[in-house]
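Remarks on the overall topology
Now for the letters of each chain:
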Amino acid sequence: MPKIGMEPVRRSALINATIAEIGQNGSLDVTVSQIARRAGMSSALAHHYFGSKEQIFLAVIRHILRQFGQSVAERSSTAMSPRDRIIAIIDASFDQEQFDPNVVAAWLAFYVKAQNSNEVARLLRVYARRLNSNLVFQLKEIVSDDAACNIAQGLASMIDGFYIRHALQDMAPNRQTTKALVVDYLDLCLLRHQNN
């Protein structure tokens, strides 16, 4: 019988264990038993809290997206200009917690999973739309609407691209250099469009 008040703690432990297992395996090819063992509980308890492996994966995606959203909100709260708010989004994208190797592996595994799971695809579309709309909204304060859409597309592509590079290459730049490269792209685009 599950102990009263332990559900949030155990759910969190299972989510963290799932991220670690995905990171170790490099795919979603993990079992509920592996996840539960890493979390220090039984498979039956894991099924009690989530129902299925698919539901655990969905909870992990929601957890990662929620952390990203909170990180953007915290960083944006002190931003003084549209450019600063865009930098806040970039910073959140490459935050230590988001850019942890296990979390990066989870992101990539979920992109693959989205090819055959409508619910995973829906969550990733929500993330992509929010990222795009947040970037475009801030960019429109600085450049034309067309330029804002193009720059936002470039920034989102760079962010996703660096996640892929970090997952698949040992030669990818470190987190700080990665962030600096994305900011450089932003500043070059802003300079070009402000001079036109």
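A short tour of the structure in this document, coming up. (Residues numbered from 1 in each chain as written. Predicted model: local features only at pLDDT ≥ 70, side-chain atom pairs only at ≥ 80, totals over all residues. Heavy atoms only, no water.)

Considering the packing of helix α6 (residues 101–113) against helix α7 (residues 118–139)
When two helices pack together, their arrangement is given by the angle between the helix axes and the distance between those axes. With their axes 8 Å apart at the nearest point, α6 and α7 run at an angle of 120° to one another. The angle between α6 and α7 places the two elements in the oblique class. α7 is crossed by α6, and the crossing has left-handed handedness. Within the contact between the two elements, α6 uses Trp107, Phe110, Tyr111 and Lys113 and α7 uses Val120, Leu124 and Tyr127. Tallied by class, residues from the contact of α6 with α7 come to six nonpolar, no polar and one charged. (Axes fitted to C-alpha atoms, helices over the stretch in contact; angles between N-to-C directions. Helix = DSSP H or I, 4+ residues; strand = E, 2+ residues; numbered from the N terminus. Parallel < 35°, antiparallel > 145°, perpendicular 65-115°, else oblique. Left-handed = near helix turned anticlockwise from the far one by under 90°. Contact = heavy atoms within 4.5 Å. Nonpolar A, V, L, I, M, F, W, Y, C, P; charged D, E, K, R; others polar.)

Describing the packing of aromatic side chains
Working definition: an aromatic ring pair is given by the centre-to-centre distance plus the angle between the planes. Counted by the stated rule, this structure contains eight aromatic pairs. Ring geometry for phenylalanine 57 and phenylalanine 110: centres 6.2 Å apart, planes at 65°, overall edge-to-face. With phenylalanine 57 in helix α4 (residues 53–76) and phenylalanine 110 in helix α6, the pair connects residues that are 53 residues apart, well separated along the chain. Accessibility assignment for this pair places phenylalanine 57 and phenylalanine 110 in one class, buried. Taken together, a centroid distance of 4.8 Å and an interplanar angle of 55° make the contact between tryptophan 107 and tyrosine 127 tilted. Here the residue tryptophan 107 occupies a position in helix α6, and tyrosine 127 occupies one in helix α7, the gap between them amounting to 20 residues. Assigned by exposure class, tryptophan 107 and tyrosine 127 land together as buried. Directly above the ring of phenylalanine 50 sits arginine 11, whose terminal nitrogen or CZ lies 4.5 Å from the centroid. (Phe/Tyr/Trp six-rings, centres within 6.5 Å; stacked < 30°, edge-to-face > 60°. Buried < 20%, exposed > 50% of the residue type's maximum accessible area, 1.4 Å probe, protein only. Lys NZ or Arg CZ within 6 Å of the ring centre and 35° of its normal.)

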